[in-house]
Amino acid sequence: MKVGIVGTSFVSDWFMEGVKGNADLEVIGVCSGHFENAVRFQKTYGLEKVYASYAEMLEDEMIDVVYIATPNSMHVRMALDAISYRKDVILEKPMASNGRMVDNVFSMANTMNCYVHDAIVPLYTKNFEVLKDNLSRVGKIRRVVINFSKYSSRYDAYLNGEKPAIFDLNYETGCWMDLGVYCVADCVGLFGEPLDVYASSSFLESGVDCTSQAILKYEGFDAVLLCSKVNDSCIVSEIQGEDGTLQFVQPALMEEVIFIDRKTKKKEVLARNEGNHFGEQFIDFVEAKKAGLKESRRVSHKLSLSIMKTLERCRKSSGVFYRGE
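Predicted, not measured: the structure shown is a model, and the values here were computed from it.

**Notes on unusual backbone geometry**
Of the consecutive residues Lys93 and Pro94, the connecting peptide bond is found in the cis state with omega at -20°. Relative to the elements of secondary structure, Pro94 occurs in the loop between strand S5 (88-92) and helix H5 (99-112). One non-glycine residue, Asn113, adopts positive backbone phi at about 60°. Within the secondary structure, Asn113 sits in the loop between H5 and strand S6 (116-119). Residue Lys265 is not a glycine yet carries a positive backbone phi of 65°.

Structure representation (structure tokens):
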């Protein structure tokens, strides 16, 4: 399958690293809103083609799959355009700003017989499966804490008066729509949609949320989600039960999974940061395509919709709204 990349930020570099060694995916071209960036990316990776526009890429019959790594506000429009050309789509997180938009993308994909891959990395990793398979060891779950707080590499630029897209409300960005989506995805991937959501955020002058938190209510326990773009944190994500605790490091990549027995205090490392976690999703994509499936075995359309609906509830509960909402 021949792939075209849209967007040349660092996540596209991760994509190139992720597909390395995957014989079924060949990246042949790139386009960007800034042509000079596309040319630079092409030269860096020795790609065959650079396109002057997204429309030109879609018109290229050689392209089977489009990887969309543009600002959030462009995701849905670009995905629908690609599907209209009968291209399969790998869509960066978050897929959209709300569940209705994701449903529209899936509906059109089904009509046009196209495959849409939700690029929410942790849910495709073997380490996430390890975490899920060991949930019963903690006994009755009493509390879940999922934390992803990291000082943004673009925050200093914002403080210096620049306008990075990640801190621009017009691009439907901010804390919930960047790091927060991983917290929500991990939680919903493990426990399903919550019964209720209570959330709050702090905001920058640009209007985007810079720190956000939520309590997701489940039967018998609460899940506390913490995310920030303006500070680091040493709080480890945990699933706390009556018999023990599961810890996991880095909600986006599931770098390490640990079980601690409550009685013996013994700490057992169940999974480490091994392999190409970003690339595990593309193995799933290829396997599903070869099997003739219409959706991922690991991240079904239903799960993607549940994640987006829960993310929408979190951000709206905390006062984060976008144009037209």
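**As for the packing of aromatic side chains**
Under the defined criterion, the tally for this structure stands at 15 aromatic pairs. Judged by centre distance (6.1 Å) and plane angle (10°), the ring pair of Tyr155 and Tyr158 falls under stacked. Taken together, the positions of Tyr155 and Tyr158, both in helix H7 (residues 155-159) and three residues apart, correspond to about one turn of that helix. Tyr158 matches Tyr155 in its accessibility class, with the two residues each being buried. When the centroid spacing of 5.9 Å and the interplanar angle of 65° are considered together, the rings of Phe278 and Phe282 count as edge-to-face. Linking Phe278 with Phe282, this pair stays in helix H9 (residues 277-290), spanning four residues, or about one helical turn. An identical accessibility class is assigned to Phe278 and Phe282; each is buried. An aromatic cluster is built from Phe10, Trp14, Phe15, Tyr67, Phe278 and Phe282, whose rings are joined through pairwise contacts. In this arrangement the basic side chain of Arg137 is found over the ring face of Phe259, its NZ or CZ atom lying 4.2 Å from the centre.

Conventions we followed
Residue numbering note: each chain is counted from 1, following its sequence as written. Two thresholds apply to this predicted model, a pLDDT of at least 70 for residue-level local features and 80 or more for giving and counting side-chain atom pairs, whereas whole-chain, interface and lining totals are computed over all residues. Hydrogens and water molecules were not included; the side-chain quantities draw on all heavy atoms of the structure. Each helix is a run of DSSP H or I of at least 4 residues and each strand a run of E of at least 2, with the numbering of both proceeding from the N terminus. Two rings from Phe, Tyr or Trp (for Trp, the six-membered ring) form a pair when their centres sit within 6.5 Å of each other. Planes less than 30 degrees apart are called stacked, planes more than 60 degrees apart edge-to-face, and all others tilted. Buried, partly exposed and exposed residues are distinguished by accessible area as a fraction of the type maximum, computed with a 1.4 Å probe on protein chains only: under 20%, between the cut-offs, and over 50%, respectively. Note on criteria: charge over ring means Lys NZ or Arg CZ within 6 Å of the ring centre, with the direction from the centre no more than 35 degrees off the ring normal.

Nothing here speaks to function; it is all geometry.
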